[in-house]
Each structure stands twice: as C-alpha cells, then as structure tokens.
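Read off the chains here:
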Amino acid sequence: MTTMESLIGLVNRIQRACTMLGDYGGGDNAFSSLWEALPSVAVVGGQSSGKSSVLESIVGRDFLPRGSGIVTRRPLVLQLHKTEDGSQEYAEFLHLPKRRFTDFSAVRKEIQDETDRMTGRTKQISPVPIHLSIYSPNVVNLTLIDLPGLTKVAIEGQPESIVQDIESMVRTYVEKPNCVILAISPANQDIATSDAIKLAREVDPTGERTFGVLTKLDLMDKGTNALDVLEGRSYRLQHPWVGIVNRSQADINRNVDMIVARRKEREYFATSPDYGHLASKMGSEYLAKLLSKHLESVIRARIPSITSLINKTIEELESEMDHLGRPIAVDAGAQLYTILELCQAFDRIFKEHLDGGRPGGDRIYGVFDNQLPAALRKLPFDRHLSLQNVRKVVSEADGYQPHLIAPEQGYRRLIEGSLNFFRGPAEASVDAVHFVLKELVRKSIGETQELKRFPTLQAEIAAASNEALERFRDDSKKTVIRLVDMESSYLTVDFFRRLPQEVDKGGHPATSTVDRYTEGHFRRIASNVSSYVGMVSETLRNTIPKATVYCQVREAKQSLLNHFYTQIGKKEGKQLALLLDEDPALMERRQQCAKRLELYKSARDEIDSVSWAR
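Criteria and thresholds
Residues numbered from 1 in each chain as written. Predicted model: local features only at pLDDT ≥ 70, side-chain atom pairs only at ≥ 80, totals over all residues. Heavy atoms only, no water. Helix = DSSP H or I, 4+ residues; strand = E, 2+ residues; numbered from the N terminus. Buried < 20%, exposed > 50% of the residue type's maximum accessible area, 1.4 Å probe, protein only. Areas by Shrake-Rupley, 256 points an atom, 1.4 Å probe, with all protein chains shown as cover. Pairing = 2+ DSSP bridges. pLDDT = per-residue confidence, 0-100. Salt bridge = Lys/Arg side-chain N within 4 Å of Asp/Glu carboxyl O.

**Side note on the overall build of the chain**
Argument step 1. Looking only at helices and strands, one finds 22 helices and nine strands in the chain.
Argument step 2. The buried share among the 614 residues of the chain stands at 48%.
Argument step 3. Total accessible area on the chain is roughly 30600 Å²; 50% of this is exposed by carbon and sulfur atoms.

**A short note on the pairing of strand β1 (residues 40-45)**
Argument step 1. With respect to burial, β1 is a largely interior element, six of its six residues being buried.
Argument step 2. Of the two faces of β1, the one lined by Ser 40, Ala 42 and Val 44 and the one lined by Val 41, Val 43 and Gly 45 are each fully buried.
Argument step 3. Relative to strand β7 (residues 179-186), β1 runs parallel, the two sharing six bridges. Bridge pairing in β7 places Val 43 opposite Leu 182.

**With respect to unusual backbone geometry**
Argument step 1. Not every positive phi belongs to a glycine, and Lys 216 is a case in point at roughly 60°.
Argument step 2. In this fold, Lys 216 is placed in the loop between β8 (210-215) and α7 (227-230).

**Quick notes on the sheet that holds strand β2 (residues 76-82)**
Argument step 1. Strands sit in the order β4-β3-β5-β2-β6-β1-β7-β8-β9 across an open sheet of nine strands; the sheet is mixed. Edge positions in the sheet fall to β4 (96-101) and β9 (242-243), since each of these pairs with one other strand and no more.
Argument step 2. Alignment of strand β3 (residues 90-93) against β4, held across two bridges, turns out to be antiparallel. Within β4, the position partnered with Ala 91 by the bridge is Phe 101.

**A word on the confidence of the model for the chain**
Argument step 1. Taken as a whole, the chain shows an average pLDDT of 84; of its residues, 87% reach a score of 70 or greater.
Argument step 2. Confidence scores differ between elements of the chain, with helix α2 (residues 30-37) showing the lowest mean pLDDT of 58 and helix α16 (residues 423-447) the highest of 96.

**Quick word on the pattern of salt bridges**
Argument step 1. Scanning the model with the defined rule gives 34 salt bridges in all.
Argument step 2. For Arg 117, the salt bridge identified is with Glu 114, shortest N-O distance 2.8 Å. Of this pair, Arg 117 and Glu 114 both sit in helix α4 (residues 104-119), three residues apart, which is roughly one turn of that helix.
Argument step 3. Judged by relative accessible area, Arg 117 falls into the exposed class, the value being 52%.
Argument step 4. Classification of Glu 114 as buried rests on a relative accessible area of 13%.
Argument step 5. Three or more residues are tied together by salt bridges with common partners; here these are Glu 167, Arg 171, Glu 175, Lys 198 and Glu 202.

This is the structure we're talking about:
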C-alpha cells in the first residue's frame with residue numbers, strides 16, 4: 001500500500017470508527033470536532049444532474065436508488081475502503097452493523113427502506129444521514145457524502161419550504177472548511193445556470209475546495225462541445241474540471257456492468273475528436289484518483305492540527321475514564337478493599353463539610369447561634385410568671401397554712417414549671433443538627449465521584465449513615481434532657497441567698513402574713529424566678545450545643561460507618577458483588593469511553609507510523 005493510500009485509509013478508518021461511536025458532526029465536543037477536522041467530499045448538484053451516476057462510477061457498482069424528482073432524500077455518508085485484490089466486495093450499514101451485503105441491489109433497497117423509515121413514503125427530506133461502507137479492491141479510499149439534489153420549485157407532495165430546506169442542509173456540509181465540494185453540472189445545460197457552481201461560489205469563493213465535474217458530455221447537441229468549461233475558460237476553478245460519461249439509460253436497463261461502463265467511458269474520451277487530447281484527465285477513474293491525491297495533500301497539511309486534536313481528546317478521555325473508574329475485580333478480597341476505599345472517600349468528603357473544607361457545616365453553628373437563642377427568647381415565661389399565675393401557684397403551694405418567711409415551695413414550683421419549657425428548644429436543637437447531618441450525608445454521597453458508579457452501594461451507605469445518625473440523635477436528646485432535668489433537680493441556693501430581703505417601713509424584715517400577699521410581694525417573686533430562669537437559660541445556651549456536638553457531630557466524624565464496616569466484613573463474595581453492581585447506563589458510558597480511547601490511541605499510533613516523506 002502506498003503512503004497516499006495509508007494516509008487516506010487511516011482517515012477513512014478514523015471516520016468510520018467515529019461514525020460507529022456516534023462521534024460525527026453536529027456536536028460541540030472533541031469527538032465531533034475530530035470528525036469535522038478530517039477531510040471529506042460532499043457531492044453537490046441539481047436534481048437529475050448525474051450525481052448518482054458519478055458516485056456509482058467511482059464505486060464501480062450500481063447501488064443507488066433511481067427515479068424522477070427527489071430520489072436522495074437523506075444524506076448518504078459513503079465510506080470506500082480499498083481491500084486486497086481478489087477479495088470479495090461487500091457493503092455494511094451503520095444501522096445494521098452485523099449484516100454484510102454482497103448483493104448491491106439489496107443495498108439499493110435498504111437505502112430506500114431506511115429513507116422511508118425516517119421520512120415515510122413521501123417526498124419529504126431528513127437531515128439524519130445514512131452511513132454506508134463499501135469494501136472493494138476496485139475503489140480508492142474515500143469518504144463521499146451524497147446530498148439531496150438542489151431544486152428550484154416544490155412539486156406536489158412537498159412543502160413550499162423544500163427548496164430552502166435542501167439548500168440549508170447542503171450548506172451545513174459544504175460550509176465546513178475541511179469539506180471538499182464535488183460540484184456536479186450537466187454538460188447539456190448552460191454552466192451559468194448550474195445550481196452546484198452557484199452554491200460552491202458562495203461558500204468557496206476562491207475555488208480552493210471545489211472540484212467541477214461535467215456530466216452527460218455524450219448527450220450534448222451535435223456540433224457542440226464543453227471544451228470552454230473543461231479547459232477553464234467559461235468558469236475557472238483552482239482545480240481542473242473533469243468530464244464524465246455516465247451510463248446510458250439503455251445500459252442501465254440492460255444492467256451493464258460498471259466495469260464495462262468504465263471501459264466504454266475510457267474509449268469514448270480516447271476516440272473523441274473534441275476531448276481526445278484531454279482523455280488522460282477525464283473519466284470517473286481519473287476523478288477518483290484526483291480526489292484521492294487532493295485529499296492526501298489536505299491530510300498532510302492537517303496532520304499537525306489533527307494530531308493535536310487527537311492528543312487533546314485522549315487526555316479528555318483518560319480523565320473521563322479516571323472519573324468513571326476502572327472495571328471492578330471479581331476477587332472477593334479486592335471487592336471488599338474497593339468498598340472500603342469508596343466508604344473512606346465518602347467519609348473524607350463528609351468530614352470536609354463538617355470541618356469547613358466544603359460548605360454546609362456552618363449550618364450547625366447557625367442552629368446554636370441563631371435558632372436556639374431565638375427559641376429560648378420565645379418561651380412563654382411572661383405568661384407563666386404573670387402576677388395572676390404567680391399568686392395562684394404560691395397560694396396552692398402554701399395550702400391551708402401560709403408561708404412564714406418566703407414561699408419556698410411556691411418558688412420551687414414556679415422554677416420547675418419554667419425549666420420544663422427548656423425541653424422543647426433543647427430537643428429542637430438536636431433535631432435541627434440531625435437534619436443538617438442527614439443533608440450533609442446526602443450531599444457527600446452525591447459529591448463522591450467514585451460512588452456514582454454504584455447506586456446499590458450508595459443506597460447502603462446512605463441507609464447505614466442515617467441509621468447511625470438516628471442513634472446519635474437519640475443519645476443527644478437523652479443528654480440535653482438530662483441537662484434540663486439537672487437544672488430542675490438541684491437549684492442554685494447561692495442565687496437566692498444573694499437576693500435582697502423584703503423590709504418594712506422601719507427597716508426590719510417584713511413578717512406580716514397580710515403583707516406577704518400584696519401585689520408587690522408577688523411581683524418580687526416573679527422577678528426573682530425570672531432572674532433565676534434567665535441564669536439557667538444562659539447556662540443551657542452554652543451546654544446544649546456542647547452536648548449536641550459531643551453526642552452527634554463528634555460521633556458522626558468518628559464512627560459514622562463503624563457499624564456498616566462490621567456488617568461488610570461479614571459478607572461473602574456474591575453479596576459484595578451485589579453492592580458493586582453498577583448503573584447500566586454508566587457501564588455503557590465507560591464501554592463507549594474505552595472504545596473511543598482505543599480508537600484515538602490507535603489513530604495516533606497509525607499517524608506516527610506512516611511516513612510523511614513525499
């Protein structure tokens with residue numbers, strides 16, 4: 001195989017692989033960029049200009065649908081692969097990857113059927129391409145894209161927008177800078193009216209990407225010829241015009257072999273008095289070789305940028321493979337090690353949230369600094385220590401015998417009743433911290449990239465973590481309630497000893513029973529109880545957070561998954577494998593990523609191995 005064939009064959013194989021992996025055009029990622037960076041040939045022409053015949057002449061096979069009006073209603077991406085001499089010719093469709101077609105009339109039928117599957121049996125068009133690969137010793141390595149024929153008017157059964165729709169579709173291909181335009185024009189029409197040349201001039205004004213092909217030379221009126229066009233006097237392009245003689249309708253009806261048709265074409269130019277001097281540069285065989293040679297030069301010029309793009313894509317794919325993770329081992333010990341590693345990765349992220357490396361842990365401080373004080377301020381002490389309620393409680397505590405000096409039982413009942421109100425904020429603080437911890441577990445699982453592969457293990461870790469947090473919450477609630485109960489079980493006596501005594505007008509302690517039941521007396525009792533409750537409130541405002549952090553946050557940091565680790569250690573190989581049962585979509589994504597990585601590494605190696613010497 002020559003260097004040229006190696007180069008073009010390499011590009012063809014990369015395009016073929018990109019196509020099989022779905023990395024062809026229309027995307028904004030490196031994969032579609034690679035497809036678009038590789039040169040291809042778009043076949044453009046008006047309806048009935050002879051596009052199909054040119055393609056069949058290049059391939060050497062009769063395989064395209066024929067008829068009047070719009071026959072090509074979907075783009076056909078045709079990849080030609082040159083095989084060893086004597087090998088059997090066959091075709092493969094991307095949508096039928098496991099089926100080889102050796103009967104090319106069946107290829108024609110499948111193109112028609114696949115078109116109908118997308119567009120229905122109408123004259124509508126679709127931009128979704130059909131991908132066909134042909135393997136033959138009689139072709140050159142090329143990628144050709146057959147596009148719907150340009151038209152000027154809509155016929156019956158077509159929308160009025162069909163003219164613009166077809167032109168827009170064709171433009172999406174020919175506007176790309178790496179697209180070579182094969183502009184097909186019939187020789188029996190004025191070149192000035194050629195739809196293909198008009199469009200090519202708009203997207204390629206310098207003519208650097210355009211190859212002009214003149215068909216139906218044998219159908220021109222007697223006494224006329226197309227030398228002005230073929231020799232570049234009517235319309236000059238950067239590349240030489242090529243004349244083609246298609247099979248006649250009679251030859252098509254008689255199923256004349258394409259190899260015979262090629263021979264007849266050579267004989268026509270060789271014996272033509274008008275074109276004999278150009279015979280060596282005319283015909284479908286010469287056109288195929290001309291395109292192949294041009295593609296070689298384009299590929300040579302594009303090699304550095306293609307190599308750079310391939311290397312960039314390899315880096316992205318390797319990064320994605322690291323992100324997706326490598327395949328899981330089948331050994332039970334290795335699986336257990338993997339599970340423990342994944343748990344530790346989750347645990348690290350969870351701790352980062354608590355310690356401030358990631359957001360979220362600050363919400364726990366918000367519970368202590370905002371929520372708890374606000375709840376304490378809202379407790380109904382005003383109602384409990386109202387003058388009416390204080391009088392009622394003190395009177396009930398005295399019973400039939402009024403207190404002699406100070407209503408101690410009344411004080412105790414008022415204080416105990418007040419302290420009971422602290423249970424609500426204490427438990428609410430525990431619940432609020434519990435909610436934050438649960439949310440951090442959920443976020444940490446979502447942020448542990450390594451876990452994304454294993455939805456079952458994610459669910460198990462979440463369940464084990466939440467179960468542990470429930471235990472920590474229960475312990476924390478018991479602890480904070482104990483703190484409240486401790487305040488109720490033993491009052492701070494020194495607080496009351498330091499309170500000023502009520503005195504009479506003579507400066508002596510008041511002893512009159514009647515005086516003890518005055519409004520001022522009860523107000524002083526309410527004030528004293530309120531002061532004591534305020535002191536306890538300040539104490540609990542400091543101790544409840546300490547208890548909550550100790551029982552919940554500290555335990556979550558130190559032993560969130562300890563019970564889970566114990567259970568995992570008891571599991572057998574099959575049970576471990578179930579935990580590492582990956583999301584099928586993610587497995588498919590890794591397989592696709594691995595295939596792409598293999599493709600691009602192979603492409604890079606092949607580019608390196610091909611000699612670029614001219």
